[in-house]
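Single-letter residue listing:
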Amino acid sequence: MRVQQAYRYALDPAPAQAGALFSHGGAARFAFNWALGLVKAALSRREAEKTYGVATELLTEVPWSLYALRRRWNAAKGQVAPWWGENSKEAYNSGLEALARALRNWADSRASKRKGKKVGFPRFKSKHRTTPSCRFSTGTIRVEADRRHVTLPRLGTIRTCESIRKLARHLERGTGRILSATIRLEGSRWFVSFTCEIDRAEHVPARPGAVVGVDLGLKALAVLSTGEVVDNPKHHRSALRRLRRRNRQLARRTGPRTPTGGHREPSARWRKTKTALGKAHARVARQRRDGLHQLTSKLAAGYGTVVVEDLNVSGMLANRRLSRAVADVGMGEVRRQLAYKTAWSGGRLVVASRWYPSSKTCSGCGVVKARLALSERTYTCDGCGLVLDRDLNAARNLAALAADVAQSCGETVNARRGAVGPGARAGHAPVKREPRKRGTPPWQRGGLLILTDKH
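Only a predicted model underlies this, so the values are computations on that prediction, with no experimental measurement involved.

### As for the packing of helix α7 (residues 268–302) against helix α10 (residues 331–344)
The geometry of α7 relative to α10 is characterised by a closest axis approach of 9 Å and an angle of 40 degrees between their N-to-C directions. Accordingly, the angle class assigned to the pair α7 and α10 is oblique. Our pair here, α7 against α10, has a crossing hand that is right-handed. On α10, the residues touching L292, H293, T296, S297, L299 and A300 of α7 are E333, V334, Q337, L338, Y340, K341 and T342.

Right, here's the structure in full:
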């Protein structure tokens, strides 16, 4: 099975190399801002020409695509950026590509061709708020033989903080090919991500016929239908005292903003505290990511079918009393990781509809309660008298949903568009299979929405 997979490693650059990394990130930002100014000027000129009655075919052409932006940049880079030769051409192309993608997203959003929230018009990137990043797709990109160094265009050979043996083995066996490399600064540390095309061997879960329902929550990270409870480590809550102290220290320093809103040069102590705050936030993110990877890898490798809910996470974040706890769990990340890991391990992912009453339904007799308060942590059935933990009851209902779907629909594989051909991506969640029926109550709109099967 051929898939696109990313390998991410922390870099340990020398001071001169760190300066070159910052320079490439700044070059990408400069190209983005220059091209955005060019586009906005062309749009303004075009609107002014319309007021003068200029014919449509004679209006000023707006560089909108990556090809048009790159052509304009190559023609003007000698005047606008005489120092452009200090960085790789891929740095400027990264900024132009980001702008072309932002313009396309804005146009698709205006034309209702893009799902989700409305996308605004691109804005200029600030030096102090933009995360330095750059993507390389051409040039010398390789892993050195010692498996502790990587070579990137114009940056040379940079040492890594850990061994790259997992990626190096694929490259040596011929089962992997590097497509691109992206450098990014996160919490005062530089990382490199290799996007690779990997030939993965076919895998089978430890229990191919086993079904597990996963109920995500706040008190416990996950409750499985088998009765296992995965505790919620609450990394952000544990680090909240340290984060608050760093924020108070930062507020006392001389920052880049004056009391009247003007700009000034921040003090050295402000920069030091800002770096410490970024490190604290990055540590929380790494801890959360590691815990979620351990959970999803265990589920994908152990069970043939994993059932989760289609949760309205954005709606849950709107609750100011629960938003911090919901964000600390990372519910959307759990589903994203399960989508591709079940495909890689030869399993199946079933995503239940967000209208499916998993918590209100009795796992013993199937009676649905009309109302169940969030404070009721123990489920008591009025029909059969079953008394069970609320989350465990929901997990058992999710596990039973997969069996019901298999009997009613047979072999349902509406997610086969994923990991079979060159350049394909494994585990992409397909669209909803069953349309919403007008006038039907939410709890009768069906249980199954999404399946991800073995390819």
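### Focus on the confidence of the model for the protein
When the pLDDT values of the protein are averaged, the result is 86; 89% of them are 70 or greater. Every residue in residues 409–446 scores below 50 in pLDDT, and together they form 72 contacts with partners more than four places removed in sequence or on other chains.

### Topic: the sheet that holds strand β3 (residues 142–143)
Taken in spatial order, the three strands of this open sheet run β3-β4-β5, and their pairing is antiparallel. At either margin of the open sheet sits one strand with a lone partner, and together these are β3 and β5 (156–159). Across two bridges, β3 lies against strand β4 (residues 149–152) in antiparallel orientation. Looking across to β4, one finds that V143 is bridged to V150.

### Considering the pairing of strand β6 (residues 176–186)
Across four bridges, the pairing between strand β2 (residues 133–136) and β6 is antiparallel. Bridge pairing in β6 places F136 opposite A181. Here β6 pairs with strand β7 (residues 189–199) via ten bridges, running antiparallel. In the strand pairing of β7, R177 is matched with E197. Between β6 and the antiparallel strand that follows it, β7, lie two residues; G187 among them carries a positive phi value of about 60 degrees.

### Description of the nonpolar core
By size, the foremost hydrophobic cluster in this structure holds 48 residues, and its most contacted members are L152, L167, I183, V192 and F194. Looking at which element gives the most residues to this core, the answer is helix α1 (residues 15–51), with nine residues. When sequence neighbours within four positions are dropped, the list of residues in contact with I183 reads L21, H24, P132, S133, C134, F136, L152, L155, W190, F191 and V192. Residues V212, L216, L221 and L224 belong to the second largest nonpolar core, which totals 21 residues.

Cut-offs and rules
For every chain, the first residue of the written sequence is number 1, and numbering continues from 1 along that sequence. Local features in this predicted model are restricted to residues of pLDDT 70 or higher, and side-chain atom pairs are both shown and tallied only at a pLDDT of 80 or more, whereas totals for entire chains, interfaces and linings draw on every residue. Computation of side-chain values: all heavy atoms of the structure, hydrogens and water removed. Lines are fitted to the C-alpha atoms to define the axes, a helix being fitted only along its stretch in contact, and any angle between axes, read from their N-to-C directions, falls within 0 to 180 degrees. The secondary structure listing takes helices from DSSP runs of H or I that are at least 4 residues long and strands from runs of E that are at least 2 residues long, numbered from the N terminus. For classification, angles of less than 35 degrees are called roughly parallel, those exceeding 145 degrees roughly antiparallel, those between 65 and 115 degrees roughly perpendicular, and all remaining angles oblique. Take the far helix as your reference; a near helix turned counterclockwise from it by less than a right angle gives a left-handed crossing, and one turned clockwise gives a right-handed crossing. Contacts were defined at the residue level, with two residues in contact if any of their heavy atoms lie within 4.5 Å. What pLDDT expresses is the predictor's confidence in each residue, scored from 0 to 100. Following DSSP output, two strands are said to pair if at least two bridges run between them. By convention a nonpolar core is built from buried Ala, Val, Leu, Ile, Met, Phe, Trp, Tyr and Cys residues, the set being connected through side-chain atoms within 4.5 Å. Exposed residues in this analysis have more than 50% of their type's maximum accessible area, buried residues have under 20%, and partly exposed residues fall in between, with area computed by a 1.4 Å probe over protein chains only.

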